[in-house]
Amino acid sequence: MNPLVEFCVSNLANGAQDAFEALENDPNIDVLEYGCLSYCTRCSDTLYALVNGEMVEAETPEELTKKIYQFIEDNPLF
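Residues numbered from 1 in each chain as written. Predicted model: local features only at pLDDT ≥ 70, side-chain atom pairs only at ≥ 80, totals over all residues. Heavy atoms only, no water.

A.B. asks: If you had to explain the nonpolar core to someone new, which residues and values would you point to?
C.D. replies: The biggest cluster of nonpolar side chains holds 17 residues, and the ones touching the most others in it are V5, F7, L23, L64 and I68. Those elements that place two or more of their residues in this core are β1 (4-8), α1 (9-24), β3 (47-51), β4 (54-58) and α3 (61-74). The greatest single-element share of this core, amounting to five residues, is contributed by α1. (Core = buried A, V, L, I, M, F, W, Y, C linked by side-chain atoms within 4.5 Å. Buried < 20%, exposed > 50% of the residue type's maximum accessible area, 1.4 Å probe, protein only. Helix = DSSP H or I, 4+ residues; strand = E, 2+ residues; numbered from the N terminus.)

The structure is reproduced here in structure tokens:
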């Protein structure tokens, strides 16, 4: 089972698109895009994704990608 990373389409439009594309190219991660993840306040303030149901936030797409990989490494599914 691969880690699941979920993005809000509004957050992608706010700048998380590069992180989404980088993760989408990784065959060991399942990446999904939703119309809304119901974190509107955070969505307007920062870039974020839900990783296995837990929020990971960052200021830049590059930082978000790094933090997501770090979260996955620190929190294995098995």
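Don't stop here, the text continues.
A.B. asks: Give me the pattern of salt bridges: which residues, what numbers.
C.D. replies: According to the stated counting rule, one finds two salt bridges in the structure shown. For E63, the salt bridge identified is with K67, shortest N-O distance 3.4 Å. Remark: K67 and E63 occur in helix α3; sequence separation between them is four residues, near one turn of the helix. (Salt bridge = Lys/Arg side-chain N within 4 Å of Asp/Glu carboxyl O.)

A.B. asks: Help me get a handle on a negative patch on the surface, residues and values and all.
C.D. replies: Residues D18, E21, E24, E33 and E62 make up a contiguous surface patch of negative charge. Counting residues per element, the negative patch draws most heavily on α1, which supplies three residues. In this fold, E24 is placed in helix α1. For E24, a relative accessible area of 46% translates into the label partly exposed. (Patch = residues over 30% accessible without salt bridge, like charges linked within 9 Å, V, L, I, M, F, W, Y side chains within 5 Å. Areas by Shrake-Rupley, 256 points an atom, 1.4 Å probe, with all protein chains shown as cover. Lys, Arg positive; Asp, Glu negative; His and termini not counted. Charge placed at Lys NZ, Arg CZ, Asp CG, Glu CD.)

A.B. asks: How would you sum up the pairing of β1? Please name residues and give values.
C.D. replies: The buried count for β1 comes to four of five residues, which makes it a mostly enclosed element. Summarising the sheet, β1 and strand β2 (residues 30-34) pair through five bridges and their orientation is parallel. Following the sheet pairing, F7 is matched in β2 by E33. Following the chain from β1 across α1 to the adjacent parallel β2, one finds a crossover that is right-handed. Bridge count between β1 and β3: two bridges; the pairing is antiparallel. Pairing of E6 across the sheet is with L50, part of β3. (Pairing = 2+ DSSP bridges. Right-handed = clockwise from strand over helix to strand, strands pointing away.)

A.B. asks: I'd like to hear about the packing of α1 against α3, residue by residue, with values.
C.D. replies: Helices that pack against each other are described as a pair by the angle of their axes relative to one another and the distance between those axes. Look at α1 against α3: their axes get within 8 Å of each other, and the N-to-C directions meet at 40 degrees. Taken together, the axis directions place α1 and α3 in an arrangement best described as oblique. The interaxial crossing formed by α1 with α3 has right-handed handedness. Contacts from G15, A16, D18, A19, A22 and L23 of α1 reach α3 at P61, L64, T65, I68 and Y69. (Axes fitted to C-alpha atoms, helices over the stretch in contact; angles between N-to-C directions. Parallel < 35°, antiparallel > 145°, perpendicular 65-115°, else oblique. Left-handed = near helix turned anticlockwise from the far one by under 90°. Contact = heavy atoms within 4.5 Å.)

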